[in-house]
Amino acid sequence: MTLESYSKKDITNAQDFLLRDQLDHLEEQVMQAAAEKDPTSKLKAILSEFESLLIASHHTSPRAMYGKARVLDLLAHEEESNALLEQAIQKYTDLLSLGPSVPDALFKKAGKKCSQLMEFRGWTAKAIQVQKVLAAKFQDSPDISNKLGLLYLLSGNNKAAREAFRSVLQTFPTNNYAQAHLGFIIKTEAAPGDEAALQEGVALLKAGLSSKDKEVLDGRFFLHLGDGLRRLGKPQEADLVFQDGAELNLFPSFWQRSLFNIGGLKAQPLWTLEETGIQHQLSTIVDNWQVIRDEATEILKDMDQPGFVRESENLADTGYWAQFELYRQGQKIGNNCLRTPLTCALVDSIPQISTNRRGQVKFSLMNGGTHAFAHAGPTNCRLRAHLGLSIPRSKAPSKTWSGLRVADKFVTWNEGEMFVFDDSFDHEVWNESDERIVLILDLWHPDLTQEQRDTLPAI
Ligand code: OGA
Ligand code: MN
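These remarks concern the structure in this document. From a predicted model like this one, the values you see are computed outputs, not experimental measurements. (Residues numbered from 1 in each chain as written. Chains lettered and ligands numbered in written order. Predicted model: local features only at pLDDT ≥ 70, side-chain atom pairs only at ≥ 80, totals over all residues. Heavy atoms only, no water.)

A few words on the site of ligand 1. Lining the immediate environment of ligand 1, one finds Trp321, Ser364, Met366, His375, Arg384, His386, Trp413, Phe421, His427, Val429, Arg436 and Ile440. A distance of 3.1 Å separates an oxygen atom of ligand 1 from a polar atom in the side chain of His375. Residue His386 places a side-chain N or O atom 2.7 Å away from an oxygen atom belonging to ligand 1. A total of 290 Å² of accessible area belongs to ligand 1 in isolation, and the protein chains cover 98% of it. Mapped onto the shell around ligand 1, the elements with two or more residues apiece are strand E6 (360–366), strand E8 (382–390), strand E12 (427–431) and strand E13 (436–444). Grouping the amino acids of the shell around ligand 1 by side-chain chemistry returns six nonpolar, four polar and two charged. (Near = heavy atom within 4 Å. Polar contact = N/O pair within 3.5 Å; in protein donor to acceptor, adjacent residues only side chain to side chain. Areas by Shrake-Rupley, 256 points an atom, 1.4 Å probe, with all protein chains shown as cover. Helix = DSSP H or I, 4+ residues; strand = E, 2+ residues; numbered from the N terminus. Nonpolar A, V, L, I, M, F, W, Y, C, P; charged D, E, K, R; others polar.)

Turning next to the coordination of the manganese ion (ligand 2). Protein coordination of the manganese ion (ligand 2) is provided by His375 (NE2) and His427 (NE2), with donor distances spanning 2.1 Å. With His375 in strand E7 (residues 370–375) and His427 in strand E12, this pair connects stretches of sequence that are 52 residues apart. As far as burial versus exposure is concerned, His375 and His427 are alike and both buried. (Donors = N, O, S within 2.8 Å, 3.2 Å for Na, K, Ca; no water. Buried < 20%, exposed > 50% of the residue type's maximum accessible area, 1.4 Å probe, protein only.)

Ordered in space as E3-E7-E12-E9-E10, the five strands form an open sheet in which the pairing is antiparallel. Looking at which strands have only one partner, the edges of the open sheet turn out to be strand E3 (316–318) and strand E10 (409–411). Averaged over all neighbouring strand pairs, the angle between strand axes comes to 20°, with direction disregarded. Sheet topology places E3 next to E7; two bridges connect them, and they run antiparallel. Paired with Thr318 across the two strands is His371, which belongs to E7. (Pairing = 2+ DSSP bridges. Axes fitted to C-alpha atoms, helices over the stretch in contact; angles between N-to-C directions.)

Okay, the pattern of salt bridges next. Tallied over the full model, the rule gives 35 salt bridges. The partner of Asp24 in a salt bridge is Arg63, and the shortest N-O contact between them spans 2.8 Å. Note that Asp24 is positioned in helix H2 (residues 20–34) and Arg63 in helix H4 (residues 62–79), a separation of 39 residues in sequence. We classify Arg63 as buried; its relative accessible area is 1%. The closest approach of N and O atoms between Glu119 and Lys147, which form a salt bridge, is 3.0 Å. Note that Glu119 is positioned in helix H6 (residues 104–120) and Lys147 in helix H8 (residues 142–154), a separation of 28 residues in sequence. When its relative accessible area of 24% is taken as the criterion, Glu119 is described as partly exposed. (Salt bridge = Lys/Arg side-chain N within 4 Å of Asp/Glu carboxyl O.)

In this section: the nonpolar core. In terms of nonpolar packing, the biggest core is built from 60 residues, with Ile46, Phe50, Val71, Tyr92, Cys114 and Phe165 touching the most fellow members. It is H4 that contributes the most residues to this core, nine residues altogether. Once you skip the residues sitting within four places of it in the chain, Cys114 turns out to touch Ile89, Tyr92, Thr93, Leu96 and Val130. (Core = buried A, V, L, I, M, F, W, Y, C linked by side-chain atoms within 4.5 Å. Contact = heavy atoms within 4.5 Å.)

Here we come to the state of the cysteines. Under the definition given, this model contains one disulfide. Cys337 shares a disulfide with Cys344; S-S distance 2.1 Å. When the S-S torsion is -75°, as for the bridge of Cys337 with Cys344, the disulfide is left-handed. Here Cys344 falls in the buried class, since its relative accessible area comes to 2%. (Disulfide = S-S within 2.5 Å.)

What follows covers the side chain of Arg358. Here Arg358 lies in the loop between helix H18 (351–354) and E6. The charged side chain of Arg358 is buried without a salt bridge, its nearest counter-charge being Asp442 at 11 Å. Of the polar contacts made by the side chain of Arg358, one reaches the backbone oxygen of Pro457; its length is 2.8 Å. (Lys, Arg positive; Asp, Glu negative; His and termini not counted.)

Attention now goes to H8. For the α-helix, the turn length of 3.6 residues means that residues three or four positions removed from each other point alike. Between its first and last C-alpha, H8 extends 18 Å over 13 residues, near the 18 Å set by a 1.5 Å rise per residue. Within the sequence span of H8, burial applies to Pro142, Ile144, Ser145, Asn146, Leu148, Gly149, Leu151, Tyr152 and Leu153. Residues of H8 that are buried make contact with H6, helix H7 (124–137), helix H9 (158–171) and helix H10 (176–189). Immediately beyond the C-terminal end of H8, within one or two residues, lies Gly156, with a positive phi of roughly 85°. (Expected span 1.5 Å × (residues − 1).)

Treat this as a map of the structure, not an account of what it does.
Structure, rendered in structure tokens:
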């Protein structure tokens with residue numbers, strides 16, 4: 001047999017061709033062991049055989065090195081051992097540094113595995129380095145640069161991520177994965193009012209999602225495409241995207257667009273106080289609305305300390321919208337509560353609110369002429385109460401309506417009154433009167449068990 005007619009010629013150099021029988025045999029054993037239930041002892045035996053082969057080849061057999069790394073990799077997962085994982089990474093790295101004697105196909109396989117394990121180990125920066133080497137060597141493989149872009153994105157380096165995806169699109173202009181990811185970055189980074197960036201982001205997202213390829217079915221892409229279309233004045237097209245996202249189960253329904261969800265919770269846009277199961281506790285808050293309002297207005301008067309913070313998620317379309325946070329993710333904001341002690345004491349007595357790691361408590365202030373773009377909260381695990389504190393009436397009633405739309409329902413604020421809605425549903429807010437202040441309280445969804453309230457990760 002010649003190397004040319006050998007079935008594994010792609011991963012075999014001249015030296016390994018001489019060892020082919022042993023290598024084939026060992027690789028076959030690895031495959032079999034990997035499919036078994038408890039392969040540990042078998043893997044250990046194969047490992048020592050690869051080691052003998054490596055010694056015999058003066059540690060220069062690429063396939064034996066790959067085999068050893070692969071067995072260490074399997075053992076590491078079997079034994080959940082970081083030490084073994086690091087040994088596997090080291091072996092893959094050794095193989096990659098052998099240089100030109102490693103056949104391309106084997107180099108690619110080893111590089112991919114190596115970078116995967118580094119990522120799994122939490123060594124994102126190292127994974128990026130390996131992926132960069134691969135991307136430079138295999139420019140005809142868009143998947144490699146796409147993976148590099150994703151790693152940059154995960155590590156928060158959006159600028160490098162953009163470049164990686166752009167470079168894919170230069171060679172493969174219709175690559176859906178790169179289109180969707182680049183579009184997502186451009187859309188989410190578009191400065192308020194930067195219509196051109198918004199248009200570019202939306203066009204790329206649209207192109208990327210048109211394939212409905214499994215790897216672009218990410219709820220965030222659909223939400224941002226829909227949001228971008230709305231901001232560009234195309235609400236009907238946006239609704240089609242939201243419809244698609246719901247049909248693909250990327251979020252619970254057309255109206256409910258949260259991404260961190262627990263199944264089976266009652267879902268409706270508006271709730272009565274009674275339906276929350278804590279009507280009595282909420283009534284205590286309502287009964288004290290004037291005390292709460294007075295604490296909020298004191299903050300506004302005090303110019304010497306930091307006060308309300310402007311909304312920073314690019315949700316305010318026009319006007320001014322700001323918040324003063326009292327609780328975040330079930331934790332009191334100590335310094336702020338010192339300034340609103342009565343409000344915080346009231347909240348403290350209601351664990352459904354004070355322990356809500358998936359919500360907040362905050363004062364929210366909106367100037368007249370403010371419009372908040374439609375949006376949806378991140379999770380279906382909370383309900384959101386608004387208590388009206390300072391609600392000026394519009395001076396020009398003919399022109400205006402102030403309030404909140406949630407799904408296809410409308411509510412408005414009144415001083416000393418509370419309503420409860422589910423902010424995982426699409427909602428939008430207008431204030432057409434003067435400066436308005438409400439207290440926002442997030443409560444655990446009443447259908448969640450105590451166990452879930454104790455263990456769900458914070459959002
Ligand atoms: C909300 C929201 C705007 C406001 O509570 O989720 O968007 O009125 N509110 O402060
Ligand atoms: Mn909101």
